[in-house]
Amino acid sequence: MFDPHKIREDFPILKRKINNHPLVYLDNAATSQKPRQVIEAIKNFYENRNANVHRAVHTLSQEASELYEKAHEEVADFINADGIEEIVFVRGTTEAINLVAYSWGLRNLKKGDEVIVSLMEHHSNIVPWEILSKINGFSIKYVGLNDEGGLDYEAYEELITKKTKIACFSHVSNFSGIINDVKRIAKIAHDHGALTLIDGAQSVPHLPTDVRDLDVDFLAFSGHKMLGPTGIGVLYGKRDILENMEPFQGGGEMIREVLFDSITQRCTITWNNLPWKFEAGTPNICDGVGLMEAVKYLRAIGMENVQAHEHVLTEYAMKRMLECRNVEIYGPKDASLKCGIIPFNVEGFSSHDVALFLDNYGIMIRSGFHCTQPLHTIFKLKSSARVSFYIYNTREEVDKFMEALMEIEQI
Ligand SMILES: Cc1ncc(COP(=O)(O)O)c(C=O)c1O
């Protein structure tokens, strides 16, 4: 039985009081809290297993290497990838997208080519493409939104051409929580000979994910949004695509051989096997192990249960928020179309005022642009407040949030 009250016992930080009120953490889209199993795994690693990986024959290094590889395996199983060769550990979603932009995009995109991006993207799925287009001269086409705030699939189909080389979309919007139809996105891209890069930062932590069923070419996500530590994230890539890509960064770990030729006075370099070819230098071993523990924790709960719990909270919160006269919610009002994210504003107050008022009651929410400035321009918003749920949030916390929100309304 899924019981958020029981789950809360695993999260030490949730025992904290802020401004003399029990902490109500509703900023999960920014980063999640960590269960003691993850915290313990990190502590245990540094206390008992710490060594560099793939470098030495001694016992500690062997143990650390085994753990680090097991972490890749656990993540591969979690998203149904075809083995650890398809799982590259990076710093987070941002680095994963930059890896694709620079390793794949730098060599495969040229003047005359097109990249398709949506206007609901987080800046991390816009800025790398804009930077690269200034180097390589390809064009970028932006897909807008439909009336529900979802992706305008018709516009996408009209914009895509044989010149399109890659289509980059988020699975779940970090502004509205709307769930995009990734299978449809991938099919349209593949029908035109283009690849797909899916930003899974807000989907992998909250929905069951099966990369083979979705048929995506790349999927990027962050460990810290799914109970794991900061500084570790994942780029999934189809094996044949990764095999044909050049490395992102050069250094140790990513090479098999560096042979100096005394005649040419140059080095000939061969790359290491996947996924190490893309993990140059000493990797973030400990946080990879922490991520493995986070994935195990989520698998034990079951991602269907995670999704169902967030759905109940979102539906309840939206129903109550919609009853408030001065609160406006953006994006879909039907909770079944989205994950547990609700953007809103209170008439007459800036989003930061709302967030600071709630902070007085120990309630943590996000305010500002949430790194989606183009989307805010479309919605004609200066900024927005955002609540976002996770496995440890409860109906009682939604009630506390609503009580405080109604107080703001009465000011
Ligand atoms: C949809 C989406 N993409 C990308 C990111 C960037 O993630 P990170 O900062 O972990 O690289 C975020 C973070 O909020 C996000 O919500």
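Residues numbered from 1 in each chain as written. Predicted model: local features only at pLDDT ≥ 70, side-chain atom pairs only at ≥ 80, totals over all residues.

### Considerations on the sheet that holds strand β14 (residues 341–346)
Sheet strands pair via backbone hydrogen bonds, and the direction of the pair is either parallel or antiparallel.
Argument step 1. Across the sheet, which stays open at both edges, the four strands sit in the order β13-β14-β17-β16 with antiparallel pairing between neighbours. Among the strands making up the open sheet, the edge pair consists of β13 (327–329) and β16 (366–368). Each strand axis lies, on average, 30° off the axis of its neighbour in the sheet, ignoring direction.
Argument step 2. In this structure, β14 lies alongside strand β17 (residues 384–388), joined through four bridges in antiparallel fashion. Residue pairing for β17: Ile342 is matched across the bridge by Val387. (Pairing = 2+ DSSP bridges. Helix = DSSP H or I, 4+ residues; strand = E, 2+ residues; numbered from the N terminus. Axes fitted to C-alpha atoms, helices over the stretch in contact; angles between N-to-C directions.)

### Looking at helix α11 (residues 303–322)
Argument step 1. The end-to-end C-alpha distance of α11, which contains 20 residues, comes to 28 Å, matching closely the 28 Å that a straight helix rising 1.5 Å per residue would cover.
Argument step 2. Listed as buried for α11 are Val306, His309, Glu310, Leu313, Thr314, Ala317, Met318 and Met321. The buried residues of α11 occupy one face: seen down the axis, they fall within an arc of 155°. Away from its buried face, by an angle of more than 90 degrees, α11 presents the exposed residues Glu304, Ala308, Lys319 and Leu322. (Expected span 1.5 Å × (residues − 1). Buried ≥ 20, exposed ≤ 12 C-beta atoms within 10 Å, placed from the backbone. Arc of directions from axis to C-beta.)

### With respect to the sheet that holds strand β4 (residues 87–90)
Argument step 1. Taken together, seven strands build an open sheet; the order of strands is β4-β10-β9-β8-β7-β5-β6 and the sheet is mixed. Looking at which strands have only one partner, the edges of the open sheet turn out to be β4 and β6 (139–143). Taken pair by pair, the neighbouring strands of this sheet meet at an average axis angle of 20°, ignoring direction.
Argument step 2. Across five bridges, strand β7 (residues 164–170) lies against strand β8 (residues 195–199) in parallel orientation.

### Description of the domain arrangement of the chain
Argument step 1. Taken domain by domain, the chain holds domain 1 (4–26 + 302–410) and domain 2 (39–299).
Argument step 2. Relative to domain 2, the C-alpha centre of domain 1 lies at a distance of 29 Å.
Argument step 3. Residue-level contacts link 21 residues of domain 1 with 22 residues of domain 2.
Argument step 4. Those elements that place two or more of their residues in the side of domain 1 that touches domain 2 are α11, β14 and α13 (373–378).
Argument step 5. Looking at the side of domain 1 that touches domain 2 residue by residue, the classes come out as 13 nonpolar, five polar and three charged. (Domains from an automatic or database assignment. Contact = placed C-beta atoms within 7 Å. Nonpolar A, V, L, I, M, F, W, Y, C, P; charged D, E, K, R; others polar.)

### Focus: the environment of Phe349
Argument step 1. Mapped onto the fold, Phe349 is located in the loop between β14 and α12 (351–359).
Argument step 2. Residue Phe349 is classed as partly exposed on the basis of its C-beta count, with 17 C-beta atoms lying within 10 Å.
Argument step 3. Along the sequence, Phe349 and Asn326 sit 23 residues apart, while their C-alpha atoms lie 9.9 Å from each other.
Argument step 4. The residues contacting Phe349, other than those within four sequence positions of it, are Val354 and Ile408.

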